[in-house]
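Chains, contacts and geometry: an overview
In case you want the letters, here they are:
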Amino acid sequence: QVQLVESGGGLVQAGDSLRLSCAASGGALSRRTVAWFRQSPGKEREFVAADFRTYGRTYYADSVKGRFTISRNNAQNTLYLQMNSLKPEDTAVYYCAADAYSSILSSIQIPSSYSYWGQGTQVTVSS
């Protein structure tokens, strides 16, 4: 079993940057498709970004494309989400996830496709 723990969230102003971390234990992330999701009160969990198990392949939601970057450090067994030019609409609890059962785009954007989840870290962006 893989355990995931997010960190790095906080309160920032619009235009600021944050880097979220997701530390994994109990299993390596290196050969797993991993992703970030976010959820605001009253809304469904929303796909943000994925890093495929296939080397060099990533995919981003249109709402964050060009602003967010997903990456991983396999030696540290840690997943990252670099968030730049943050907007108030980015306010949410951010979750990391691992082990999508499929790499097709329709699957990696669905929360139920992932086996392992962190508990989330709050990101709040003020105007």
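Refer to the structure above for everything that follows.
Model, not experiment: these values are computed from the prediction.

Calculation criteria
Residues numbered from 1 in each chain as written. Predicted model: local features only at pLDDT ≥ 70, side-chain atom pairs only at ≥ 80, totals over all residues. Heavy atoms only, no water. Helix = DSSP H or I, 4+ residues; strand = E, 2+ residues; numbered from the N terminus. Rg over C-alpha atoms; globule rule 2.2 N^0.38 Å. Contact = heavy atoms within 4.5 Å. Areas by Shrake-Rupley, 256 points an atom, 1.4 Å probe, with all protein chains shown as cover. Lys, Arg positive; Asp, Glu negative; His and termini not counted. Charge placed at Lys NZ, Arg CZ, Asp CG, Glu CD. Pairing = 2+ DSSP bridges. Axes fitted to C-alpha atoms, helices over the stretch in contact; angles between N-to-C directions. Buried < 20%, exposed > 50% of the residue type's maximum accessible area, 1.4 Å probe, protein only. Core = buried A, V, L, I, M, F, W, Y, C linked by side-chain atoms within 4.5 Å. Salt bridge = Lys/Arg side-chain N within 4 Å of Asp/Glu carboxyl O.

Here we look at the overall build of the chain
Summing up its helical and strand segments, the chain has one helix and 11 strands in all. For 127 residues, the compact-globule estimate of 2.2 N^0.38 gives 14 Å, and the chain sits close to it at 13 Å. Look at the contacts in the chain between residues 6 or more apart in sequence, and 59% of them connect residues 24 or more apart. Here the chain has roughly 6,500 Å² of accessible surface; of this, 46% comes from carbon and sulfur atoms. The chain carries 12 positive and 9 negative side-chain charges, and their two centres are separated by 7 Å.

A look at the sheet that holds strand 1 (residues 3-7)
Taking strand neighbours across the sheet as the criterion, the four strands line up as 1-3-8-7 in an open arrangement whose pairing is antiparallel. The sheet is open, and its two borders are formed by strand 1 and strand 7 (68-73), each paired with just one other strand. Strand-to-strand twist across the sheet, computed as the mean angle between neighbouring axes with direction ignored, equals 15 degrees. Pairing analysis gives five bridges linking strand 1 to strand 3 (residues 18-25), with the strands arranged antiparallel. Considered in strand 3, the bridge of Q3 is made with S25.

Digging into unusual backbone geometry
The phi dihedral of N77 falls on the positive side, at around 55 degrees, and the residue is not glycine. Examined against the element boundaries, N77 turns out to sit in the loop between strand 7 and strand 8 (78-83). Phi at S85 is positive, roughly 50 degrees, even though this residue is not glycine. If you trace the backbone, S85 turns up in the loop between strand 8 and strand 9 (92-100). Given the relative accessible area of 41%, S85 is considered partly exposed.

Focus on the nonpolar core
Formed by 37 residues in total, the largest nonpolar core has its most connected members in L4, W36, L81, M83 and Y94. Going through the elements one at a time, strand 3, strand 4 (34-39), strand 5 (46-51), strand 7, strand 8, strand 9, strand 10 (114-117) and strand 11 (121-126) are the ones with two or more residues in this core. In terms of residue count, strand 9 provides more of this core than any other element does, six residues in total. In contact with Y94, other than residues within four places in its own chain, are E6, L20, W36, F37, R38, V48, F68, L81, M83, G120, T121 and V123.

Details of the pattern of salt bridges
Enumeration according to the criterion identifies six salt bridges in this entry. One salt bridge connects D90 with R38, and the closest N-O pair in it is separated by 2.9 Å. Of the two residues, D90 is situated in the loop between strand 8 and strand 9 and R38 in strand 4; the sequence distance between them amounts to 52 residues. Considered together, D90 and R38 belong to a single accessibility category, that of buried residues. With its nearest N and O atoms 3.3 Å apart, the salt bridge here joins K65 to D62. The exposed category is assigned to D62, whose relative accessible area is 66%. The network of salt bridges with common partners includes R38, E46, R67 and D90.

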